[in-house]
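Residues per chain are reported as follows:
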Amino acid sequence: MFTLCLFTGLTSDTGCASCAAAGLGSSGSGRRTRRRLGCSCRCCGRTQPTFPPTAAGRRRARPPGTHPSAGGRRQRPQQRPQTRAEKQRGKASSTSKTADIEKPTESFTLSLESSDDEAPEEVTFEDSKAEALRSMKQALDTARREKELLKEKRRKRQELFQEQKKRKLLSADVLEEIDSASSKKQKQSEDEGEQEEKPEKEGGDGKKKKKKRSGKLANARNLKGKYTVTTVKERTLASFQQQVAEEFIRSRLYGPGTCRTTSNEMLSLQNKKGWNKSAAVQFVKKDWASKEKAKAEKLKKRWLHKQQIPSC
Amino acid sequence: MGEFKVHRVRFFDYMPSAIRTMAFNSQTERLAVARADGAVEIFNFNDNFFQEKVIPGQDGRAIEALCWVGHRLFSAGLNGEITEYDLENLRPQYTVDAYGGPIWTISSNSQGTQLAVGCEDGTVKIFAILEERIQFQRNLNRHKGRIISLCWHPSSAQIAAGMTDMITIYDAETGQATRRLLVDRAMGASKNKEVVVWSVGYLSDHTIISGDSAGKVQIWNGLTGTLVRTYLVTKWDVLSLIINASQDESSVIAGTSEGTVIQFQFISSTLDQHDKEWVRTRTFRNHSHDVSALAHTDTAVVSGGMDTQLVVRPLLDKVEKNTQESALRKIAFPHRSLVGCAKKAGLLLFQFPDRLELWKLGENFHYVHTGKPGDRLPVKRKPEKLIELKRKGEDHICCSALSACGGWLAYSTVSSVRLYRIQYNKTISINKVPKLPKELRSVHQLCFSSDSSKLFASSCQSSVIVVAVSQQECRYLHTLKHKTGEWKARMHLLCASDDGKWLATANTDCEIHIYNLHKMKLHCMVPVYNSCPTTIAIHPVTNNLISVHADQQIFEFSLVQKEYTQWSRRLQTQGLLSLWLERDTPITHITFNPKNPDHIILHDTYMFCIIDQSLPFPELNAVLWNQMTLKNLPVSQRIGQSHAFKICKIFQHLMCVSLLEDLSLVVVERPLLDIMSQLPAPVRQKKFAT
């Protein structure tokens, strides 16, 4: 059916094939094809700017009504002529600019194939030239607009992402609540550090520097990640050998294949087997596995907070 | 008997170190126990298993083996050094590098002339034991692979060495390996894993007994090099094995990773036959973790391991049944106090091997005074940790002291003493006192006078150094000596009286000396009792010295009259109840009630007791723990029933009980379950129906 659909090859019943493809297929591929084709169709050129660039619907189908010719069913058959057009365009691109100018006429003649008997309508050279220039200009305009649109779209998307990220983060008070325990501890230790330093401070001016440095060290403890600060110590051969020997014992007694359990399990088993039956130790003893419990508490808080935020 | 507000302290995270190895000296009846942190403890089995000496550990001193040679104690460790200990001054006397890498085992021959050590590089090195030192003699022929265990033949002609996958028998004269006994690997999945002979024993009839990592105890004929018998004892490792070498060599015990101790005996399997063989006889299950150290006394099996407890299990065919001797003993806590208490300031000092912690006790709301006994009081201020003081250097802390006002803190390692001044004005500050007198160098025990103006330190030559401490300086005052120039046992207890006039010292030779601090000389000596004092205290009002000994006897000695008091004599004539005498933990601390001078408060691990000197002693058939019956009786009948010993067992696993000045009781507990929860992983045992 679609024997022709070149740049301006508009038939009254089909509409713009390239546009339809762009609108209905996956947006990426459609856009790509259109750009390659250098589409300059009139219908889409005008309607496209009115597309509401909603961020949420960036992958969704185009809202109906913006492009009357973009019917869902036509998606498949429209792809075929596109490829052909592409081929033709490949041929055309090899020719010079003048060949470009001649193209509309060629297409025009093709479009009138069905009525062979009619005499060809006369078109003056100026007319066709003006037409060609106009179409070229339009094509350039459309391309530019397209680019701008794309830019806009990306920007919007970026904004949306940032906003989403912000929304995902916990609110400040909750964070504070979670961190309060750990920060308290830190403070305490820092205080102690200061206490230790005080005698040095009283020692005189010369020791003030020392205090500064130690203060820095205290900060260095808060390194993120799995970094630890250790002093470099001279390692002798003996200590190395000792380490190897200790490693030997360790691997022999606690290494793989030694079938070890945890004290928690052992004690829980005792609770289970004893005369006075009771639950596993981590539930019986309040201070057992405090680290794990604190972590669980933290995760629970996080989860609760997440539940409070309405999902978008 | 009185009501107390009790501070139940559970924030002392005392964690004993795992027992690595032990050695028993059957001549002196002393057991040396080496812990994983390098500390060595000496227990006196003649004196109610009292822990009379503790040699503090050191970083990096990983003791793997201990060996007694007569009265001398040697240790060898993974740091590659052989150490002899000075058991008087409780410090390493000298160390000798064996130059063979980490040392896994040490063993002396029966004559006590030679010491063999097994090294990482596969050599067995022989050292000659000389008077004051040891000297390298020679290497036996070197084999590839580490020497894990060693045992001399009683004739000192051969040495059996356990290695990976085999046991080698060396001729001690020539140094040649005469036999190699190949040990089977474990069956099943671990077949590719080398088997380690953790322990080996050599009997005088040339029988070799080995325990290995495949869980086997194997009996070999050393003459022919053939395997006689294999006992698969456990699925895990047989970590230790020991022969009762001092007796007839008819019993062997093996300790496993499961926590069991298994006895093998050389007996005839049927009654009338004479041919004897090794038979597995008993299994003891007293440990939750690996048993890595064993000792075989004449009457008992002593075991210790990862669960840090020392267990003395009497063999019931060797002791009389249903006596104190036949009771199982578990020693979980040290027999000395690790907690210091500033009674005026309400501070607690906790001593760890590597640090000191100073805590301030919490407070309750003062308006709450009503309530039944046992109620919880609402807390106004929680206890807080004021200072955590890390030690300097490699040596572990051996003793510490806190003055009663809380303003001074001192601690000592083997090599040095440090004194700190603590000040509280809104924030706390701690200043090290510089330039301590040079006499304060090696100290076993520290003690402040009650007005915090003097520091007493027991030094090496059985002397006490008196140092005046003040804001400005720290000045050496005097050295108290009871006999000049005589080398005596070290003092392990110091106690100053409240009025500042008396100082009592006790040493491990069971002597108690009293010094007059005004005249700075020896006042008198308490008659020597044949059991070591575990704690001493001077009564603040009457100035009587109370001493409690390892065999649980209590004495009261009047310092002024230089004789035992009437109360003490009455107690001795009437005798203490057997229930009191059979307690298996020593009294480690005594305090007095400032409001009621008749009350003496003392505690052991499982109870604390208030002795009321005004009440009669219990009859021999009376109930000792009678607090519950007294509670149910009407007041009028209580007087007839009550006796001098008021015992409270609500608080368990006590590290310290002390009475503050505001008459509130401080009870420092360390539940064994908390210790157990921090131990390394035990083996996974399948229990039926779990």
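Residues numbered from 1 in each chain as written. Chains lettered and ligands numbered in written order. Predicted model: local features only at pLDDT ≥ 70, side-chain atom pairs only at ≥ 80, totals over all residues. Heavy atoms only, no water.

- Going by an unreviewed UniProt entry, chain B carries the name UTP4 small subunit processome component and comes from Oreochromis niloticus.

- Chain A carries the name Nucleolar protein 7 in an unreviewed UniProt entry, which gives Oreochromis niloticus as its organism.

### Digging into the overall build of chain A
Phase 1: Check the secondary structure of chain A and you find 12 helices and zero strands.
Phase 2: N-terminal to C-terminal, the α/β element order of chain A is α-α-α-α-α-α-α-α-α-α-α-α.
Phase 3: The proportion of buried residues among the 312 residues of chain A is 23%.
Phase 4: For chain A, restricting intrachain contacts to residue pairs at least 6 apart in sequence, the fraction spanning at least 24 positions comes to 61%. (Helix = DSSP H or I, 4+ residues; strand = E, 2+ residues; numbered from the N terminus. Buried < 20%, exposed > 50% of the residue type's maximum accessible area, 1.4 Å probe, protein only. Contact = heavy atoms within 4.5 Å.)

### Observations regarding helix 9 (residues 237-254) of chain A
Phase 1: With 18 residues, helix 9 of chain A extends 25 Å from end C-alpha to end C-alpha; this agrees with the ideal 26 Å at 1.5 Å per step.
Phase 2: Among the residues of helix 9 of chain A, those classed as buried are Gln-242, Ala-245, Phe-248, Ile-249, Arg-252 and Leu-253 of chain A. Angularly, the buried residues of helix 9 of chain A cover 115° about the axis, an arc narrow enough to put them on a single face.
Phase 3: Next to the buried residues of helix 9 of chain A lie strand 2 (19-25), strand 6 (63-69), strand 10 (103-108), strand 18 (197-202) and strand 22 (238-243) of chain B. (Expected span 1.5 Å × (residues − 1). Arc of directions from axis to C-beta.)

### A closer look at the sheet that holds strand 10 of chain B
Residue and element names in this part refer to chain B.
Phase 1: As summarised here, the arrangement of the four strands in space is 10-11-12-13, forming an open sheet in which the pairing is antiparallel. The sheet is open, and its two borders are formed by strand 10 and strand 13 (134-139), each paired with just one other strand. Neighbouring strand axes in the sheet, compared pairwise and without regard to direction, differ in orientation by 25° on average.
Phase 2: Of the pairings in the sheet, the one linking strand 11 (residues 114-119) to strand 12 (residues 124-129) comprises five bridges and is antiparallel in character. Paired with Ala-116 across the two strands is Ile-126, which belongs to strand 12. (Pairing = 2+ DSSP bridges. Axes fitted to C-alpha atoms, helices over the stretch in contact; angles between N-to-C directions.)

### Focus: unusual backbone geometry
All names here are of chain B.
Phase 1: A positive phi angle, close to 65°, is found at His-206, a residue other than glycine.
Phase 2: Examined against the element boundaries, His-206 turns out to sit in the loop between strand 18 and strand 19 (207-212).
Phase 3: If you check the backbone angles, His-653 has positive phi at about 55° while not being a glycine.
Phase 4: Within the secondary structure layout, His-653 lies in the loop between strand 55 (645-648) and strand 56 (654-659).
Phase 5: Among the residues examined, His-653 registers a relative accessible area of 16% and is labelled buried.

### Some thoughts on a positive patch on the surface
Phase 1: On the surface, Lys-272, Lys-273 and Lys-277 of chain A together with Arg-280, Arg-285, Lys-686 and Lys-687 of chain B cluster together to form a positively charged patch.
Phase 2: When residues of the positive patch are traced back to their parent elements, those giving at least two are helix 10 (263-273) of chain A together with strand 25 (276-285) of chain B.
Phase 3: By the element assignment, Lys-273 of chain A lies in helix 10.
Phase 4: For Lys-273 of chain A, a relative accessible area of 44% translates into the label partly exposed. (Patch = residues over 30% accessible without salt bridge, like charges linked within 9 Å, V, L, I, M, F, W, Y side chains within 5 Å. Areas by Shrake-Rupley, 256 points an atom, 1.4 Å probe, with all protein chains shown as cover. Salt bridge = Lys/Arg side-chain N within 4 Å of Asp/Glu carboxyl O. Lys, Arg positive; Asp, Glu negative; His and termini not counted. Charge placed at Lys NZ, Arg CZ, Asp CG, Glu CD.)

### Quick look at the interface of chain B and chain A
Phase 1: Across the boundary between the two partners, chain B contributes 49 residues, which contact 34 residues of chain A.
Phase 2: Counting each side, the surface lost to burial between chain B and chain A is near 3,400 Å², with a carbon and sulfur contribution of 57%.
Phase 3: When the buried surface of chain B facing chain A is broken down by residue, Pro-682, Arg-684 and Thr-690 of chain B rank first, second and third, together holding 15% of it.
Phase 4: The tally of links between chain B and chain A comes to two salt bridges.
Phase 5: With its nearest N and O atoms 3.2 Å apart, the salt bridge here joins Arg-684 of chain B to Glu-265 of chain A.
Phase 6: In this assembly, chain B and chain A are joined by nine residue pairs in polar contact (both at pLDDT 80 or more).
Phase 7: Of all the elements in the fold, those that place two or more residues in the side of chain B that touches chain A are strand 35 (384-390), strand 39 (427-432) and helix 5 (672-677) of chain B.
Phase 8: Per-element tally for the side of chain B that touches chain A: the top contributor is strand 35 of chain B, with five residues.
Phase 9: For the side of chain B that touches chain A, the per-class residue count stands at 24 nonpolar, 12 polar and 13 charged. (Buried area = accessible area lost by both parts, 1.4 Å probe. Polar contact = N/O pair within 3.5 Å; in protein donor to acceptor, adjacent residues only side chain to side chain. Nonpolar A, V, L, I, M, F, W, Y, C, P; charged D, E, K, R; others polar.)

### Points about the nonpolar core
All names here are of chain B.
Phase 1: Ranked by size, the top nonpolar core spans 23 residues in total, and within it Ile-554, Trp-580, Ile-590, Leu-602, Cys-609, Ile-611 and Phe-645 carry the most contacts.
Phase 2: Among the secondary structure elements, those contributing two or more residues to this core are strand 49 (544-549), helix 1 (566-574), strand 52 (589-592), strand 53 (599-603), strand 54 (608-612) and strand 55.
Phase 3: In this structure, Leu-338, Leu-348, Phe-352 and Ile-675 belong to the second largest nonpolar core, which totals 19 residues. (Core = buried A, V, L, I, M, F, W, Y, C linked by side-chain atoms within 4.5 Å.)

### Description of helix 10 of chain A
Helical geometry note: an α-helix holds 3.6 residues per turn, so side chains three or four residues apart project in the same direction.
Phase 1: Buried residues of helix 10 of chain A: Ser-263, Met-266, Leu-267, Ser-268 and Asn-271 of chain A, and no others.
Phase 2: Buried residues in helix 10 of chain A make contact with helix 11 (281-284) of chain A together with helix 5 of chain B.

### Thoughts on the sheet that holds strand 43 (residues 474-480) of chain B
Residues and elements named next belong to chain B.
Phase 1: Read across the sheet, four strands follow the order 40-41-42-43 without closing on themselves; strand pairing throughout is antiparallel. The two strands at the open ends of the sheet, each matched to only one other strand, are strand 40 (443-448) and strand 43. Ignoring strand direction, the axes of neighbouring strands in this sheet form an average angle of 25°.
Phase 2: As judged from the six bridges shared by strand 42 (residues 464-469) and strand 43, these two strands associate in the antiparallel manner.

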